[in-house]
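Structural overview
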Amino acid sequence: MLETGLKGKISNMIRQWEGPLTRELLLQPGSFGLGKVPERMKPDATTTVVCGFCSTGCGLNLHLKDGEAINLTPDTEYPVNLGMACPKGWEAIAPLKAKDRAQIPLIKKSHGRLVPATWHEAMTTFTEKFKGIQEKYGDESVAFLGTGQITMEELAFLGSLTKFGMNMLHGDGNTRQCMATAVVSYKQAFGFDAPAYSYNDFEESDTIIFVGANPCIAHPIMWERVHLNQNDPEIIVIDPRKTETAVAANQHYPITPKSDLAFFYGIANQLVEKGCVNQEYVDKYTNGFEGYLEHIKKFTPEVVEKESGISIEEQAKLVDTIAKGEKVSFWWTMGVNQSHEGVRVAQSIINIALMTGNIGRPGAGANSITGQCNAMGSRLFSNTTNLLGGHDFTNPEHREKIAKVLDIPVETIPDKLGWAYDQIVEGISQGKIKGLWVIATNSAHSWINQKGFRDVLQNLEYLVVQDMYSTTETAELADMVLPAAAWAEKDGIFVNSERRLGLVKKVRKAPGEALSDFNIFRLISSYWGCAELFSKWTSPEAVFHLLKQCSKGQPCDFSGIKDYRMIDDNGGIQWPLPQGTENFERERRLFEDNKFYHADGKAKFLYEDPRKPLEVPCQEYDHWLMTGRGTSSQWHTQTRTKKSPVLRKLYPNDVYVEINASEARKKGIEASEWIWVISRRGKIKARACPCYHVKEGQVFMPMHYNETNMLTFPSFDKYSRQPSYKACAVKIKKEEYWE
Ligand SMILES: Nc1nc2c(c(=O)[nH]1)N[C@H]1C(S)=C(S)[C@@H](COP(=O)(O)OP(=O)(O)OC[C@H]3O[C@@H](n4cnc5c(=O)[nH]c(N)nc54)[C@H](O)[C@@H]3O)O[C@H]1N2
Ligand SMILES: Nc1nc2c(c(=O)[nH]1)N[C@H]1C(S)=C(S)[C@@H](COP(=O)(O)OP(=O)(O)OC[C@H]3O[C@@H](n4cnc5c(=O)[nH]c(N)nc54)[C@H](O)[C@@H]3O)O[C@H]1N2
Ligand code: SF4
Ligand SMILES: [Mo]
């Protein structure tokens, strides 16, 4: 208790470093102390914060000296990681000290170069430019692109400032690239976006099925939790590639890319024939089973073999394993979400869990693993795909409720959803969007079909990028760069994959004049002239209390969390935790009462005929290109991980392409040799990595190098609008080839 008490005290002291920032304060010289650390106590102690990379949400003990984080160790008490961390977690401080940290606002001048400016100049220009565009082309001509990597309070501020204060309608986030499919599939099937599991399900399961997920690389500490399983579980991987996870698994089904839907309908069909339906569960707790039963009949083992390349005997083995399993859990990630029909694929997995009654029990579930540290915060509180707290913009009662909690006029809340990411890009292309504000995402690397995207950006009249570095691919294209404080330089909440609210704390000062995204939003509200709407948004914790009220009565209700301190003392707290909850378990799963969130309390079977992707290999472009995570030491577009000399040693410098080793031999391609990878949209050079992870006719490239998205094909799931990053057609050539 002494330790947690001390931790709480330290975090309170630390929070005082950066008080609420207003225009008035900023304009009074010296009062805020930009560039100098405000007077404060400087403890030499240890405090716990959640990691700012992946959605696992590990607890890291940060060791402070003179008030500055100098080192870290994974927290042995934190219920997520139990003393473990992956290389990124261990190296989390290094990226904060990088030389190219954005330290001062930059504005592009007529000569085309970005030059330093004061915050006052930047805020005045920001307001003039975006207001000017809105006056000329209409309010909806300015949009924003956000993230799943800033705090829940900051996401809520961004989504509320833009939509309630600045009259923007269109705004989306990189969560679209990542989780939109899971969001829609859960909403349709369960009535709310609710990943139901807790990580101890990894330890309870007897049959663990990973679909399009490579946790060895992408979620190493979840993978460690699998290793803590005492049931000698059968581990199964369904992935076209023999990934690191597949190598370690008991069974691997290397399906043809994008054949998941037919595959799972076929597996379901055979489970029905084998008598594995839990009819009582289906009758009591679900809708739509009869139609589904009819639908899957045509997916015979022969059809499935043809579509997926998995033999009838292998299919039978998988069916048998699921049938025998008493606690079967399904875990899916981007191999499912990033697909032209991802929503239906996710639901084909949910359907199997429902029909076999593998849901709401320890070690069971149809579980979407999330990606970024705060993907869950973004999903429910960013005002992009829903109104704060999983509410509906189109529902007048919901708008009333939120307006009342926030104490703002209800008319300020739009009554419709804005555009999705791809629609915003299309809007720019058609000249409907002229101003764009990009926050904590590096679109000019991560968005699909980069050549097309970069061409489209030329149509913008003004591009503002708010990032912790001024050197990202997107910042380099910007008309203005706003320097942001990073993880551990500010307070707030990240919500992890198992719905756990975890605390991030300010344990170091941001460099130069960089401000927390929270304070940048406060400043903008002040310069824009809408600060009175946000008069209660004085600090992250004040916003946390507002969001608590927004969540009340929703499945994600966390109004029972008293304050940040309570989160700190409990090692994070999972939602739901409604007001008045006295005692609660540290690890909890949803649906144990078999009640789902649709009005009738039942879950829904959803299904549809599979469709071919719009681009598949042909005679000329004869290979599938798959993309994804390369190593556990690389994070996305590498803006952060490449700043750590330790991490830099753990992954290849140059972009590489995995190619089947027999095929490479036939083509005379040697390991590490530069080869061409060519799609209809671009051609790039990559170092060949001959291996047996991919089959002949398939290649794989990590997303961490900006060449990769020069090749990808822009197609989208029609329900979630998530890009299908994982499959397009390419050809490969030896280097001497030149067109
Ligand atoms: N080290 C590291 N960890 C990360 C990240 C990172 O950048 N670096 N990013 C985080 C984020 S935001 C995310 S979203 C997660 C992503 O985590 P994962 O989804 O686990 O990682 P990916 O490598 O993108 O994709 C997973 C697998 O999908 C497979 N796949 C491709 N096509 C298909 C298909 O048609 N069907 C099936 N079944 N599988 C297919 C790929 O071969 C790949 O092995 O990782 C998180 N963790
Ligand atoms: N081909 C291909 N492309 C993909 C994928 C794939 O599998 N294949 N995966 C997709 C997925 S799942 C994802 S999630 C996206 C990720 O794509 P991005 O979001 O573009 O990737 P990041 O490199 O994480 O970009 C985050 C940016 O935020 C900055 N930043 C970090 N912390 C802060 C902060 O506190 N404040 C501010 N203002 N800035 C901050 C970082 O410096 C960085 O520039 O990529 C997608 N793109
Ligand atoms: S597994 Fe994820 S949350 Fe845990 S230390 Fe690694 S990057 Fe951080
Ligand atoms: Mo992601």
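Here's what I pulled together on the structure shown here. (Residues numbered from 1 in each chain as written. Chains lettered and ligands numbered in written order. Predicted model: local features only at pLDDT ≥ 70, side-chain atom pairs only at ≥ 80, totals over all residues. Heavy atoms only, no water.)

1. Topic: the overall build of the protein
Looking only at helices and strands, the protein has 27 helices and 26 strands in total. Compactness check: the protein gives a C-alpha radius of gyration of 25 Å against a globular reference of 27 Å for 739 residues, within 12% of the reference. The principal-axis extent of the C-alpha atoms belonging to the protein is close to 75 × 65 × 50 Å. Looking at the protein as a whole, 65% of its 739 residues qualify as buried. Long-range pairs, those at least 24 residues apart, make up 74% of the contacts in the protein with a sequence separation of at least 6. Only carbon and sulfur atoms are counted for the fraction: they give 50% of the accessible area of the protein, which is about 26000 Å². Measuring between centres, the 86 positive side-chain charges of the protein sit 3 Å from its 90 negative side-chain charges. (Helix = DSSP H or I, 4+ residues; strand = E, 2+ residues; numbered from the N terminus. Rg over C-alpha atoms; globule rule 2.2 N^0.38 Å. Buried < 20%, exposed > 50% of the residue type's maximum accessible area, 1.4 Å probe, protein only. Contact = heavy atoms within 4.5 Å. Areas by Shrake-Rupley, 256 points an atom, 1.4 Å probe, with all protein chains shown as cover. Lys, Arg positive; Asp, Glu negative; His and termini not counted. Charge placed at Lys NZ, Arg CZ, Asp CG, Glu CD.)

2. Here's the deal with the site of ligand 2
The full set close to ligand 2 counts 34 residues, and Q149, N174, S446, D467 and T637 are the nearest of them. The contact in question runs from an oxygen atom of ligand 2 to an N or O atom on the backbone of N442, over 2.7 Å. At a separation of 2.8 Å, an oxygen atom of ligand 2 approaches a polar side-chain atom of K490. With the chains in place, 99% of the 930 Å² that ligand 2 exposes on its own is no longer accessible. For the shell around ligand 2, the secondary structure elements donating two or more residues are β15 (462-467) and β21 (623-628). (Near = heavy atom within 4 Å. Polar contact = N/O pair within 3.5 Å; in protein donor to acceptor, adjacent residues only side chain to side chain.)

3. Quick word on the state of the cysteines
Applying the stated criterion to the full structure yields 0 disulfides. Left unpaired, C550 is separated from the closest cysteine sulfur, that of C556, by 9.5 Å. (Disulfide = S-S within 2.5 Å.)

4. Some details on the site of ligand 1
Inspection of the region around ligand 1 gives 33 residues, with A218, D239, K258, D260 and Q634 positioned closest. For ligand 1, an oxygen atom lies 2.7 Å from a polar atom in the side chain of D239. Here D260 contributes a side-chain N or O atom positioned 2.7 Å from a nitrogen atom of ligand 1. Protein burial of ligand 1: of its 900 Å² of free accessible surface, 99% is covered by the chains. Elements with a minimum of two residues in the shell around ligand 1: α8 (215-218) and α16 (334-337). Taken domain by domain, the makeup of the shell around ligand 1 includes at least three residues from each of domain 2 (196-368) and domain 3 (623-734). (Domains from an automatic or database assignment.)

5. A closer look at helix α22 (residues 450-457)
What α22 keeps buried is the set Q450, F453, V456 and L457. Angular distribution of buried residues about the axis of α22 spans 125 degrees; they occupy a single face of the element. (Arc of directions from axis to C-beta.)

6. Comments concerning the packing of helix α11 (residues 260-273) against helix α15 (residues 312-324)
Axes are the key here: two packed helices are described by the angle between their axes and the distance separating the axes. Packing of α11 against α15 leaves a shortest axis separation of 10 Å and a crossing angle of 60 degrees. As judged from the angle between their axes, α11 and α15 are oblique. Helix-helix and strand crossings are classified by hand; for α11 and α15 the assignment is right-handed. Side by side, α11 and α15 meet where F263, I267, Q270 and L271 of the first sit next to Q315, A316, L318, V319, I322 and A323 of the second. Partitioning the contact of α11 with α15 into residue classes produces 8 nonpolar, 2 polar and no charged. (Axes fitted to C-alpha atoms, helices over the stretch in contact; angles between N-to-C directions. Parallel < 35°, antiparallel > 145°, perpendicular 65-115°, else oblique. Left-handed = near helix turned anticlockwise from the far one by under 90°. Nonpolar A, V, L, I, M, F, W, Y, C, P; charged D, E, K, R; others polar.)

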